[in-house]
Amino acid sequence: MKVEGLRLRWNNENLIPMWMADMDFKTPPCVLEAAHRICDQEILGYTIIPDSYYISISHWLKKRYNWEVNPEMIQFTPRVVSGLSFIVQAFTRPGDKVLVQPPVYHPFFIYPRKNDREIVYNPLILENGTYRMDMERFRNQIKDCKLFFLCNPHNPGDRVWGREELKEIAAICYENNVLVVADEIHADLTLPGYTHYPFFTISEKAKMNSITLMADSKAFNMPGLTSSYAISENPEILNRFSAEMEKTESENGHILLLKP
């Protein structure tokens, strides 16, 4: 997509395709071998998501972030951007406001607009070569919003948000009854020397007033498998999200989610 899309979007193939976060490295052998084992069964039929899928996610998050996530808190979603759209439809109505912090991943703008929601901007401040949040403006802009799209770590700008920044965001959104949607698809790419803090873990207010979207697609170069997931400890939030997915029968997953 990132190469052929140059001609479709800009009518120019002589560009460096940095517009899409897709790798030019091979997918890891362990992933390819697992996919081959499933294909070698020679039946690529309908399936249901097995318990092993949810258990593997729980184990990974515990190992990587010391994050306790029960399988009941996880909902499969085809892609993170699909999840954003489902969330917009589940938790807002046409005309409702969604806050974003540019410069940021362009689907943060696209899917609210396509669903007739209003975008509210709280631009990041570039200071000494590093982006930071404008908390004073954030407090004002968040009023009357229904959702806040948090990019954690931030894309673009490679900013890994700190615990205190996230804790302040969690408190402000909780006080204003604004659901935090944490896109953490780049979490596994956090470089040594920096610590990724899953928003969910920051505080009790964050835990009960957020839904997190994650995937293995960026770190392991497998976005074509369309396997992402949403996490929330608040069952009301997760059930509402799941119900929206069920309207388009998008919750069932596919054969490559099986344990090979």
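The rules behind these values
Residues numbered from 1 in each chain as written. Predicted model: local features only at pLDDT ≥ 70, side-chain atom pairs only at ≥ 80, totals over all residues. Heavy atoms only, no water. Phe/Tyr/Trp six-rings, centres within 6.5 Å; stacked < 30°, edge-to-face > 60°. Helix = DSSP H or I, 4+ residues; strand = E, 2+ residues; numbered from the N terminus. Salt bridge = Lys/Arg side-chain N within 4 Å of Asp/Glu carboxyl O. Buried < 20%, exposed > 50% of the residue type's maximum accessible area, 1.4 Å probe, protein only. Core = buried A, V, L, I, M, F, W, Y, C linked by side-chain atoms within 4.5 Å. Expected span 1.5 Å × (residues − 1). Arc of directions from axis to C-beta. Pairing = 2+ DSSP bridges. Axes fitted to C-alpha atoms, helices over the stretch in contact; angles between N-to-C directions. Contact = heavy atoms within 4.5 Å. Polar contact = N/O pair within 3.5 Å; in protein donor to acceptor, adjacent residues only side chain to side chain.

**Concerning the packing of aromatic side chains**
Evaluated as defined, the whole model comprises 10 aromatic pairs. Between tyrosine 53 and phenylalanine 76, the aromatic rings sit 6.2 Å apart at their centres with planes inclined by 70°, giving edge-to-face as the arrangement. Here tyrosine 53 is found in helix α3 (residues 51-65), whereas its partner phenylalanine 76 is found in strand β1 (residues 74-77), with 23 residues between them in sequence. Between tryptophan 60 and phenylalanine 220, the ring centres sit 5.9 Å apart and the planes meet at 75°, which makes this aromatic pair edge-to-face.

**Focus on the pattern of salt bridges**
Evaluated as defined, the whole model comprises 9 salt bridges. Residue lysine 62 pairs with glutamate 68 through a salt bridge whose shortest N-O separation is 2.7 Å. Overall, lysine 62 belongs to the partly exposed group, its relative accessible area being 35%. Owing to a relative accessible area of 54%, glutamate 68 belongs among the exposed residues under this scheme. The closest approach of N and O atoms between glutamate 244 and lysine 247, which form a salt bridge, is 3.2 Å.

**Let's talk about the nonpolar core**
Membership of the largest hydrophobic core comes to 26 residues, with the highest contact counts inside it found for Ile87, Phe91, Leu147, Phe149, Val181, Ile211 and Phe241. Elements with a minimum of two residues in this core: α4 (80-91), β2 (97-100), α5 (107-114), β6 (145-151), β7 (179-183), β8 (210-215) and α10 (235-246). Looking at this core, the element that brings in the most residues is α4, giving 7 residues. Core analysis: the next-biggest nonpolar cluster, separate from the first, contains 22 residues, Met135, Leu166, Cys173 and Val180 among them.

**Describing α3**
When the terminal C-alpha atoms of α3 are compared, their 21 Å separation across 15 residues agrees well with the 21 Å that a helix rising 1.5 Å per residue should span. Among the residues making up α3, those that are buried are Tyr53, Tyr54, Ile57, Ser58, Leu61 and Tyr65. Axial view of α3: buried residues confined to an arc of 135°, hence all on one face. Away from its buried face by more than 90 degrees, α3 exposes Asp51, His59 and Lys63.

**Examining unusual backbone geometry**
The amide bond that connects asparagine 152 to the next residue, proline 153, takes the cis arrangement and shows omega of 0°. With an omega of 5°, the peptide bond between asparagine 155 and proline 156 qualifies as cis. Among the secondary structure elements, proline 156 is positioned in the loop between β6 and α7 (163-175). If you check the backbone angles, glutamate 42 has positive phi at about 70° while not being a glycine. The residue glutamate 42 is located in the loop between α2 (29-39) and α3 in this model. One non-glycine residue, aspartate 158, adopts positive backbone phi at about 50°. Tracing the sequence through the fold places aspartate 158 in the loop between β6 and α7.

**Brief notes about the sheet that holds β6**
Strand order in this open sheet of 7 strands is β1-β9-β8-β7-β6-β2-β3, and the pairing throughout is mixed. In this open sheet, the two edge strands, each paired with only one partner strand, are β1 and β3 (118-121). Pairs of neighbouring strands in the sheet enclose a mean axial angle of 25°, with direction left out of account. Pairing between β1 and strand β9 (residues 228-231): 4 bridges, direction antiparallel. Residue pairing across strands places threonine 77 opposite serine 228, the latter belonging to β9.

**Things to note about the environment of aspartate 96**
Inspection of the secondary structure puts aspartate 96 in the loop between α4 and β2. Linking aspartate 96 and glutamate 118, residues 22 residues apart in sequence, is a C-alpha distance of 5.9 Å. Among all residues touching aspartate 96, those that are not within four sequence positions of it are Arg117, Glu118 and Lys146. Here the side chain of aspartate 96 touches arginine 93 through a polar contact of 2.7 Å, landing on its backbone nitrogen.

As far as function goes, none of this settles anything; it's purely spatial.
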